[in-house]
Amino acid sequence: MKQQRFDVVIVGGGAAGLSGALALSRARRSVLVIDAGEPRNAPASHVHNYLGRESTPPGELLAIGRGEAAGYGAEIVEGRVASAERLPGAGERGFRVVTEDGRSVEARRLLVTTGLVDELPPVPGLAERWGREVLHCPYCHGHEVADRPIGVLATGPLAVHQALMWRQWSDDVTLFLHTGPEPTQEEYEQLAARGVAVVDGEVAGLEVADDRFTGVRLASGRVIPREALVVQARFTARSAVLESLGLEPVAQEMGGVVIGSYIPTDPTGATEVPGVWAAGNVTRLTEQVIGAAAAGLMAGSAVNGDLITEDTRLAVAARRA
């Protein structure tokens, strides 16, 4: 780190963090981005639905973003932030950020864009194929597996909704009931009307041949050929840094079902702790990459506006002194 105090420290260097860094550095703010190098979408081969960057590999998109932010003066370093705290007795609001290797830096404002962790169902083989043939978002991956045999792994009440949604991309969809609840009669009728097959029994693992997912293996030993498998991951916000400042994650529900945890903010990304903003998946669990980038821009603009207000207040106080 070239200096020890910045206008803004951004924790997390994904789409949200880099977008915030770009906006703030263009606003002539001193900006430090500390990134642990663990992007959520690293297993995916391409980013989709990002206007102007469709099908860009995730690593390439991040490299472009780093270059753009650095081109306006943002400093970007590797590291994992362990905690953050408000500076005691400071004349103006400020924070100390401490990394796991003991480095520390001060900031007038914080923007936390640490994302989330996808917690997968405990089925052998899922993690190894995650982001390849094991999927969760049809808008991220549906087109790439269109017209192929798709399976949906039921682990909760949203599985029928998932199966009906993925039916838009393929007419060969099978719902594996696994540990999920029995569908209602109305749901069975909906599945039948859309031609979605339903298979009883728990799933024991995945069949893989030549590094390609080929089917779902039931506990009975029966194998159902499939080329993609949809799961419902639990979305858990990476909220440790925000928790160190006194913020607590809350449960996110969809259709009455808890799908994960997030840190609440206002529409600009401001948290309940003055001077601290959050953006991206740490606060919006279902946001895609382009949405996270937009949220980073919104938060960065709000942070700059807040700093302008403080700069003006300090200037008036100095003038009156």
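See above for the structure.
Asker: Explain the overall build of the protein chain to me, please; I cannot follow it from the model alone.
Answerer: The helix and strand tally for the protein chain stands at 8 helices and 19 strands. Its C-alpha atoms give the protein chain principal-axis dimensions of roughly 80 × 35 × 35 Å. Across the 321 residues in the protein chain, those meeting the buried criterion constitute 47%. A sequence separation of at least 24 residues applies to 61% of the contacts in the protein chain between residues at least 6 apart. Summed over all atoms, the accessible surface of the protein chain reaches about 15200 Å², with 50% contributed by carbon and sulfur.

Asker: Would you mind going over the packing of helix H1 (residues 15–26) against helix H2 (residues 58–71) with me for this structure?
Answerer: Any two packed helices are characterised by how steeply their axes cross, that is the angle between the axes, and by the distance between the axes. For the pair H1 and H2, the least separation of the axes is 9 Å and the interaxial angle reads 20°. Classified by the angle between their axes, H1 and H2 sit roughly parallel to one another. Where H1 crosses over H2, the two elements pack in a sense that is left-handed. Contacts from Ala15, Leu18, Ala21, Leu22 and Ser25 in H1 reach Leu62, Gly65, Arg66, Glu68 and Ala69 in H2. Class assignment of the residues belonging to the contact of H1 with H2 gives a composition of 6 nonpolar, 2 polar and 2 charged.

Asker: I would appreciate a short explanation of the sheet that holds strand E17 (residues 250–254) in the present structure.
Answerer: Strand pairing in a sheet relies on backbone hydrogen bonds. The paired strands run either parallel or antiparallel. Reading across from one edge, E7-E16-E18-E17 is the order of the 4 strands in this open sheet, with mixed pairing throughout. In the strand order of this sheet, the two ends are held by strand E7 (116–119) and E17, each with one partner. Averaged over neighbouring strand pairs, the angle between their axes works out to 30° when direction is ignored. Of the strand pairs in this sheet, E7 and strand E16 (residues 234–237) are connected by 4 bridges, and their pairing is antiparallel. Bridge pairing in E16 places Asp118 opposite Phe235.

Asker: Would you explain the pattern of salt bridges in this entry?
Answerer: A side chain with one charge can pair with a side chain of the opposite charge if their charged atoms come near. Tallied over the full model, the rule gives 20 salt bridges. Among the salt bridges present, the one from Glu106 reaches Arg5, with a minimum N-O distance of 3.2 Å. A residue pair is termed long-range when its members are at least 10 positions apart, and Glu106 in strand E6 (residues 104–112) and Arg5 in strand E1 (residues 5–11) qualify at 101 residues. Owing to a relative accessible area of 27%, Glu106 belongs among the partly exposed residues under this scheme. You can call Arg5 partly exposed: its relative accessible area is 31%. Of the charged contacts, one joins Glu310 and Arg109 as a salt bridge, the two residues approaching to 3.2 Å between their closest N and O atoms. Residue Glu310 is located in helix H8 (residues 289–320), and its partner Arg109 is located in strand E6; the two are separated by 201 residues in the primary sequence.

Asker: I tried to follow the packing of aromatic side chains on my own but got confused; where do I start?
Answerer: Two aromatic rings, taken as a pair, are described by how far apart their centres are and by the angle between their planes. For the structure on display, the rule yields 2 aromatic pairs. With centroids separated by 5.6 Å and ring planes inclined at 85°, the aromatic side chains of Tyr139 and Trp169 adopt a geometry described as edge-to-face. Of this pair, Tyr139 sits in helix H4 (residues 138–141) while Trp169 sits in the loop between helix H5 (159–166) and strand E10 (173–176), and the two are 30 residues apart along the sequence. The exposure class of Tyr139 is partly exposed, given its relative accessible area of 49%.

Asker: What exactly am I supposed to notice about the nonpolar core here?
Answerer: Side chains that are nonpolar tend, in soluble globular proteins, to be buried together. Counting 24 residues, the largest nonpolar core has Val9, Ile34, Val97, Leu110 and Leu242 as the members making the most contacts within it. Every element with two or more residues in this core is listed here: E1, strand E2 (31–35), strand E4 (81–86), strand E5 (95–99), E6, helix H7 (240–243) and strand E19 (276–278). Counting residues per element, this core draws most heavily on E6, which supplies 4 residues. Aside from chain neighbours lying at most four places away, what touches Leu110 is Val9, Ala84, Phe95, Val97, Leu245, Gly275, Val276 and Trp277. Judged by nonpolar contacts, the second largest core, of 23 residues, contains Leu153, Phe176, Leu206 and Phe235.

Asker: What should I look at first to understand the environment of Leu247 in this one?
Answerer: Positionally, Leu247 belongs in the loop between H7 and E17. Counting along the chain gives 37 residues from Leu247 to Asp210, while the straight-line C-alpha distance between them is 46 Å. Those residues in contact with Leu247 that sit more than four places away from it in its chain are Leu242, Ile263, Thr271, Glu272 and Val273.

Asker: How do you make sense of H5 when you look at a structure like this?
Answerer: Turn by turn, an α-helix covers 3.6 residues, leaving residues three or four places apart pointing in a common direction. Listed as buried for H5 are Ala159, Val160, Gln162, Ala163 and Trp166. One side of H5 carries all its buried residues, which in axial view fall inside an arc of 160°. Along its buried surface, H5 packs onto strand E8 (134–135), H4, strand E9 (150–153), E10, helix H6 (185–193) and strand E15 (228–230).

Asker: What am I meant to see in H8 here?
Answerer: Here H8 spans 47 Å end to end across 32 residues, near enough to the 46 Å set by a 1.5 Å rise per residue. What H8 keeps buried is the set Gly291, Ala292, Ala293, Ala295, Gly296, Ala299, Gly300, Val303, Asn304, Leu307 and Glu310. Buried positions along H8 lie against E1, H1, E6 and E19.

Asker: What am I meant to see in the sheet that holds E8 here?
Answerer: In spatial order, the strands read E8-E15-E9-E10-E11; together these 5 strands make up an open sheet with parallel pairing. The open sheet has two free edges, formed respectively by E8 and strand E11 (197–199), since each of these has just one partner strand. One ladder, built from 3 bridges, connects E9 with E15; its direction is parallel. The residue of E15 that forms the bridge with Val152 is Val230.

Rules behind the numbers
Residues numbered from 1 in each chain as written. Predicted model: local features only at pLDDT ≥ 70, side-chain atom pairs only at ≥ 80, totals over all residues. Heavy atoms only, no water. Helix = DSSP H or I, 4+ residues; strand = E, 2+ residues; numbered from the N terminus. Buried < 20%, exposed > 50% of the residue type's maximum accessible area, 1.4 Å probe, protein only. Contact = heavy atoms within 4.5 Å. Areas by Shrake-Rupley, 256 points an atom, 1.4 Å probe, with all protein chains shown as cover. Axes fitted to C-alpha atoms, helices over the stretch in contact; angles between N-to-C directions. Parallel < 35°, antiparallel > 145°, perpendicular 65-115°, else oblique. Left-handed = near helix turned anticlockwise from the far one by under 90°. Nonpolar A, V, L, I, M, F, W, Y, C, P; charged D, E, K, R; others polar. Pairing = 2+ DSSP bridges. Salt bridge = Lys/Arg side-chain N within 4 Å of Asp/Glu carboxyl O. Phe/Tyr/Trp six-rings, centres within 6.5 Å; stacked < 30°, edge-to-face > 60°. Core = buried A, V, L, I, M, F, W, Y, C linked by side-chain atoms within 4.5 Å. Arc of directions from axis to C-beta. Expected span 1.5 Å × (residues − 1).

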